[in-house]
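What the coordinates show
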Amino acid sequence: QVQLVESGGGLVQTGGSLRLSCAASGRTFSSTAMGWFRRAPGKEREFVAAVKWGAQFYADSVQGRFTISRDNAKGTLYLQMNSLKPEDTAVYYCAAGASSGRVSEPVGYGYWGQGTQVTVSS
C-alpha cells in the first residue's frame, strides 16, 4: 500500500521558517514528479513547488523563499520554507506519481498525503 505522510507543520511567526517532510512508502517515485500543494481556508488548492528529474518548479508566490528537495534513497520529499508570511497559512499536501503533463497540475498526481497545517501569525 502506497502512503505519503507529511510532517513538520506548525505555528510560526511572520518571517520564520519551517521544514516540511513527506515520507513515501510502498513504492519508489524517483522517476516521477513529486510536489507540494496547499489549500488555504476558503480557497482552491494551489500549486506550491515540484521536483522532477532534479529540476525544480515553483509558484511565483513562493519563488525565492521556498526550496523543494528530495532524497530518493530515503524516499522523502522536503519543503524548506523561509520568510514565511501570513498568506502562506494553509494545509500543505504532498503529492507524487506525476509522470507526464505539467507538474503544477494536481490532476497528474496519483498519490496524495493527508496534509499538514502551517499557520503563520502576523
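Residues numbered from 1 in each chain as written. Predicted model: local features only at pLDDT ≥ 70, side-chain atom pairs only at ≥ 80, totals over all residues. Heavy atoms only, no water.

**Some details on the environment of V91**
With respect to the helices and strands, V91 occurs in strand β9 (residues 90-98). With 78 residues separating them in the primary sequence, V91 and Q13 have C-alpha atoms 16 Å apart. Leaving out residues up to four positions away in the same chain, V91 has contacts with F37, R38, R39, G115, T116 and Q117. (Helix = DSSP H or I, 4+ residues; strand = E, 2+ residues; numbered from the N terminus. Contact = heavy atoms within 4.5 Å.)

**Observations regarding the nonpolar core**
Grouped together as the largest cluster of nonpolar side chains are 36 residues, with contacts concentrated most on W36, L79, M81 and Y92. Among the secondary structure elements, those contributing two or more residues to this core are β3 (18-25), β4 (33-39), β5 (46-52), β7 (66-71), β8 (76-81), β9 and β11 (116-121). At 6 residues, the largest contribution of residues to this core is made by β9. Contact partners of M81, with chain neighbours within four places excluded, come to G16, S17, L18, L20, R65, F66, Y92 and V118. (Core = buried A, V, L, I, M, F, W, Y, C linked by side-chain atoms within 4.5 Å. Buried < 20%, exposed > 50% of the residue type's maximum accessible area, 1.4 Å probe, protein only.)

**Quick word on the side chain of D88**
As for its position among the elements, D88 is in the loop between β8 and β9. Only 2.8 Å separates the side chain of D88 from the backbone nitrogen of K85, close enough to count as a polar contact. Residues in contact with D88, not counting those within four places in the same chain, are R38, R65, F66, S83, V118 and V120. (Polar contact = N/O pair within 3.5 Å; in protein donor to acceptor, adjacent residues only side chain to side chain.)

**Topic: the sheet that holds β8**
Pairing in this open sheet of 4 strands is antiparallel, and the strands run β1-β3-β8-β7 from one edge to the other. Each of the sheet's edge strands pairs with one partner strand only, and the pair in question is β1 (3-7) and β7. Within this sheet the neighbouring strands show an average axis-to-axis angle of 15°, counted without direction. Bridge count for β7 against β8 is 6 bridges, and the pairing is antiparallel. Each bridged residue has a counterpart across the sheet, and for T67 the counterpart in β8 is Q80. (Pairing = 2+ DSSP bridges. Axes fitted to C-alpha atoms, helices over the stretch in contact; angles between N-to-C directions.)

**Some words on the pairing of β9**
For a regular strand, side chains alternate in direction, first toward one face of the sheet and then toward the other. In terms of residue burial, β9 counts as a mostly covered element, since 8 of its 9 residues are buried. One ladder, built from 3 bridges, connects β9 with β11; its direction is antiparallel. Bridge assignment links A90 to a residue of β11, and that residue is V118. The sheet contact formed by β9 and strand β10 (residues 111-112) spans 2 bridges and is antiparallel. Across the sheet, the residue bridging to A95 is W112, located in β10.

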